[in-house]
Amino acid sequence: MAWIKVQTTLARSAKMMQFAAALRMRRREALGVAVEWFCWVDAQCSNGCTGLLPEQVDDVMGCERLADALLAVGWGFVGTDGFLYVADFEQHNGEGAKARALAAERQAKKRAGVCHAGSVTDSNA
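Residues numbered from 1 in each chain as written. Predicted model: local features only at pLDDT ≥ 70, side-chain atom pairs only at ≥ 80, totals over all residues. Heavy atoms only, no water.

K.L.:
Quick question: what am I supposed to make of the nonpolar core here?
P.N.:
One recurring pattern in soluble globular proteins is that nonpolar side chains are buried together. F19, L23, W37, V57, L66, L70 and W75 are the most contacted members of the largest nonpolar core, which has 26 residues in total. When residues in this core are grouped by element, the largest group, seven residues, is from helix 2 (residues 27-44). With residues near it in sequence (within four places) discarded, L70 still touches F19, W37, V57, W75, G76 and L84. (Core = buried A, V, L, I, M, F, W, Y, C linked by side-chain atoms within 4.5 Å. Buried < 20%, exposed > 50% of the residue type's maximum accessible area, 1.4 Å probe, protein only. Helix = DSSP H or I, 4+ residues; strand = E, 2+ residues; numbered from the N terminus. Contact = heavy atoms within 4.5 Å.)

K.L.:
Would you mind showing me how to read the packing of aromatic side chains here?
P.N.:
The description of two aromatic rings rests on the distance between their centres and on the angle between their planes. This model, assessed by the stated rule, comprises four aromatic pairs. Measuring from ring centre to ring centre gives 4.9 Å for F19 and W75, while their planes differ by 55°; the resulting arrangement is tilted. Residue F19 is located in helix 1 (residues 14-23), and its partner W75 is located in the loop between helix 4 (66-73) and strand 1 (76-78); the two are separated by 56 residues in the primary sequence. Per residue, the accessibility class of F19 equals that of W75, and both read buried. (Phe/Tyr/Trp six-rings, centres within 6.5 Å; stacked < 30°, edge-to-face > 60°.)

K.L.:
Looking at this model, I keep getting lost on the packing of helix 1 against helix 4. Mind explaining?
P.N.:
Packed helix pairs are specified by the crossing angle of their axes together with the interaxial distance, meaning the distance between the axes. Between helix 1 and helix 4, the shortest axis-to-axis distance is 9 Å and the interhelical angle comes to 150°. Regarding the angle of helix 1 to helix 4, the classification is roughly antiparallel. For the element pair helix 1 and helix 4, the recorded crossing hand is right-handed. Here K15, Q18, F19, A22 and L23 of helix 1 lie close against helix 4, whose contacting residues are L66, A69, L70 and V73. A per-class count over the contact of helix 1 with helix 4 returns seven nonpolar, one polar and one charged. (Axes fitted to C-alpha atoms, helices over the stretch in contact; angles between N-to-C directions. Parallel < 35°, antiparallel > 145°, perpendicular 65-115°, else oblique. Left-handed = near helix turned anticlockwise from the far one by under 90°. Nonpolar A, V, L, I, M, F, W, Y, C, P; charged D, E, K, R; others polar.)

In short, the description is geometric, and any link to function would need to be established separately.
What follows is the structure, given as structure tokens:
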């Protein structure tokens, strides 16, 4: 199953407030749009290029002003080819980023003493 990283500070960040204002939405609604956008990116983009012109992004996602909002907060940029790209794609969405996040989660569970495996010294005999 695929997953995306959402930082716990995102919902009330200045960037989210700006994103919501650019979309002319309430913050929580804009947060849902952002999560849906990054889910789409994770499923559709392998190198950060959406393959869409900014005006097509709004149509594909069913959200007016989305491309403009992504550009306004720095979550996207327009390449020389005219397509919308995801800013810092490899840092947040690449396989390396996913591997680092999973490793950090495993390490945090290890430090907290959370383990789902049985003890090697347990005996059911």
